[in-house]
Structures are given as structure tokens and as C-alpha cells.
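Structure assessment
Listed here are the chains, written in short residue letters.
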Amino acid sequence: MTFAPVTIIDHPLVQHKLTLMRQGETSTTKFRQLLKEIGMLLAYEVTRDLPLKNQTIQTPLATMEAPMLASDKKLVIVPILRAGQGLLDGMLELIPSARVGHIGLYRDPSTHIAVEYYFKLPHDVEHRDVLVVDPMLATGNSAVAAVDRIKEYTPHSIKFICLLAAPEGIAHFQEQHPDVAIFTAAVDDKLDEHGYILPGLGDAGDRLYGTK
Ligand SMILES: O=P(O)(O)OC[C@H]1O[C@H](OP(=O)(O)OP(=O)(O)O)[C@H](O)[C@@H]1O
Ligand SMILES: O=c1cc[nH]c(=O)[nH]1
Ligand SMILES: [Mg+2]
């Protein structure tokens with residue numbers, strides 16, 4: 001079977017900010033700020049392949065053919081709540097016209113099954129490109145469940161964007177959604193016995209919102 005690519009976003013600014021986020025002593029305020037900044041940088045990288053088409057425009061001096069985004073269909077960003085919301089804010093700064101859907105999922109602590117508690121997409125997702133965002137791809141259950149639900153609405157394309165991925169999560173996700181490209185800033189070593197990414201950065205939602 002062929003899989004859509006896994007792209008590691010190795011930009012030095014992303015890598016530096018990720019290292020700051022991993023450090024246990026980084027405060028909630030700083031963690032939130034860094035996740036927002038990384039969201040912006042990830043948005044820049046994952047939109048590299050957006051098609052352009054030339055438009056005739058008038059500069060103060062001359063007429064020219066200049067490139068603009070080809071599609072008039074706005075992108076849809078879907079953060080997986082809660083932690084995905086922390087990436088959304090930065091992405092929206094770069095793509096302010098994007099539409100936003102939300103999927104609320106929590107991971108059952110013992111089974112690691114993703115449990116849905118909220119789902120809302122813009123009404124016209126069909127034919128649009130969707131970016132599903134969540135900082136963590138651990139077992140992959142949350143990402144798989146989110147993409148399962150979004151595919152019910154037959155968007156034009158889906159990309160999955162995270163900050164940290166475990167090899168186990170990538171394998172599970174690719175098995176279930178071989179057509180969906182993954183973008184991540186790093187692939188870590190493995191999962192621990194509680195399904196946390198090692199070395200990882202801990203619980204992204206708790207660090208983002210100060211709930212632990
Ligand atoms: O790949 P998985 O094994 O499914 O784990 C990853 C999920 O776990 C975290 O969310 P969590 O369930 O802790 O919810 P939260 O964002 O509300 O903290 C994280 O933000 C992902 O959504
Ligand atoms: O390492 C992990 C795994 C799941 N969810 C997190 O927030 N962190
Ligand atoms: Mg959490």
C-alpha cells in the first residue's frame with residue numbers, strides 16, 4: 001500500500017521553540033505563547049502547495065500579471081479540542097480567512113479510546129481543503145477518530161498537522177487513513193505504558209491550560 005507522506009517540519013525556529021516547550025519548567029504562559037508561534041510557522045509550511053493563478057492587477061506604476069491563491073474556497077482548520085485550540089490561534093493569524101470547525105475528543109485514560117463530546121463543521125466543507133490540528137499524535141486514536149468523522153462530509157482534501165508524533169501513532173494513522181498526509185515537527189522514540197509520548201512534552205492540554 002502507498003501512504004501519503006510524513007513531512008518533518010525541521011525549520012530551526014520550530015525546532016528551537018519545540019525544545020523550549022518540552023522543558024518541564026516552561027510555564028503555562030510561555031507554553032501557550034510558543035504553541036501559538038509554532039502554529040503560525042506550521043501553517044506557513046503546510047500551505048506551501050496551495051495552487052496559485054495569475055490575476056491582472058494595477059500597481060501604482062504599471063499593469064502586471066501577479067499570482068494569487070487559485071481557489072476561492074477558504075481553507076477549513078479543525079482543531080481537536082482541547083489542545084488543538086492552542087495551534088489554531090497562530091494558524092488563524094497567518095490565514096485569517098480560514099473557516100474553523102471543532103471536534104471535541106478526550107482520550108479514555110485506561111483504554112486510550114477517543115471519546116467524542118463535540119462536533120461542528122462549517123456547513124459547506126465539501127470541496128474545501130481541511131487541516132486537522134492537534135499537538136500530539138500518540139496512539140493515533142484521536143487523530144483517526146477525527147478524520148473518520150470529517151471524511152463523512154467528503155472534503156476535497158485533508159492534512160493532519162501535529163507537533164509531536166510517536167512511531168506507533170503514525171503507523172496506526174497511516175493504516176486507517178493512507179490518503180492523509182501527516183506534518184509534524186518531530187517523531188519521538190515511543191509511547192510509555194500510559195500511552196504518553198517519550199520523551200515528549202507531557203500532557204499538552206494540561207500544560208496549555210494549567211489544569212494539572
Ligand atoms: O493519539 P492519542 O493517543 O489519541 O493521544 C493524543 C490526544 O491526547 C491529547 O488529548 P487529551 O485526550 O488529553 O484531551 P485534551 O486535549 O482535552 O487534554 C492530545 O491533545 C490528543 O488529542
Ligand atoms: O504524550 C502525550 C500523549 C497524549 N496526549 C498528550 O497530551 N501527551
Ligand atoms: Mg490532555
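The numbering scheme is per chain: residues are counted from 1 as the chain's sequence reads. Chains and ligands are labelled by the order in which they are written, letters from A for the one and numbers from 1 for the other. Given that this is a predicted model, residues contribute local features only at a pLDDT of at least 70 and side-chain atom pairs are listed and counted only at 80 or more, while totals for whole chains, interfaces and linings are drawn from all residues. Hydrogens and water molecules were not included; the side-chain quantities draw on all heavy atoms of the structure.

**Regarding the pattern of salt bridges**
We apply this condition: When a carboxyl oxygen of Asp or Glu lies within 4 Å of a side-chain nitrogen of Lys or Arg, that pair is called a salt bridge. Secondary structure elements are taken from DSSP: a helix is a run of H or I of four residues or more, a strand is a run of E of two residues or more, and numbering for both begins at the N terminus. Throughout this description, buried means an accessible area under 20% of the type-specific maximum (1.4 Å probe, protein chains only), exposed means over 50%, and partly exposed covers the range between.
This model, assessed by the stated rule, comprises eleven salt bridges. Between Asp188 and Arg22 there is a salt bridge, with its nearest N and O atoms 2.8 Å apart. Here Asp188 is found in the loop between β13 (186–187) and β14 (190–191), whereas its partner Arg22 is found in helix α1 (residues 12–22), with 166 residues between them in sequence. Close ionic contact of Lys212 with Asp206 constitutes a salt bridge, the shortest N to O distance being 3.8 Å. The exposure class assigned to Lys212 is exposed, which follows from its relative accessible area of 85%. In the salt-bridge network here, residues are joined through shared partners; they are Arg82, Asp206 and Lys212.

**Details of a nonpolar patch on the surface**
Threshold: Patches were defined on residues exceeding 30% relative accessible area and lacking a salt bridge, with like-charge contacts within 9 Å and nonpolar side-chain contacts (Val, Leu, Ile, Met, Phe, Trp, Tyr) within 5 Å. Calculation of accessible area relied on Shrake-Rupley with a 1.4 Å probe; when residues are assessed, cover is drawn exclusively from the protein chains displayed.
Together, Val6, Ile8 and Val187 line one region of the surface with nonpolar side chains, adding up to about 200 Å² of accessible area. Examined against the element boundaries, Val187 turns out to sit in strand β13.

**Regarding the site of ligand 2**
Rule in force here: Proximity is defined per residue: if any heavy atom of the residue lies within 4 Å of a molecule or strand, that residue is considered near it. Each polar contact in these results corresponds to two N or O atoms within 3.5 Å; when the atoms are within protein, one needs to be able to donate a hydrogen and the other to accept it, and residues that are neighboring in sequence are counted only if both atoms are side-chain atoms.
Near ligand 2, the surroundings consist of Arg107, Met136, Ala138, Gly195, Tyr196, Ile197, Gly202, Asp203 and Ala204. For ligand 2, an oxygen atom lies 2.8 Å from a polar atom in the backbone of Ala204. When ligand 2 is considered free in solution it has 240 Å² of accessible area, and contact with the protein chains removes 88% of it.

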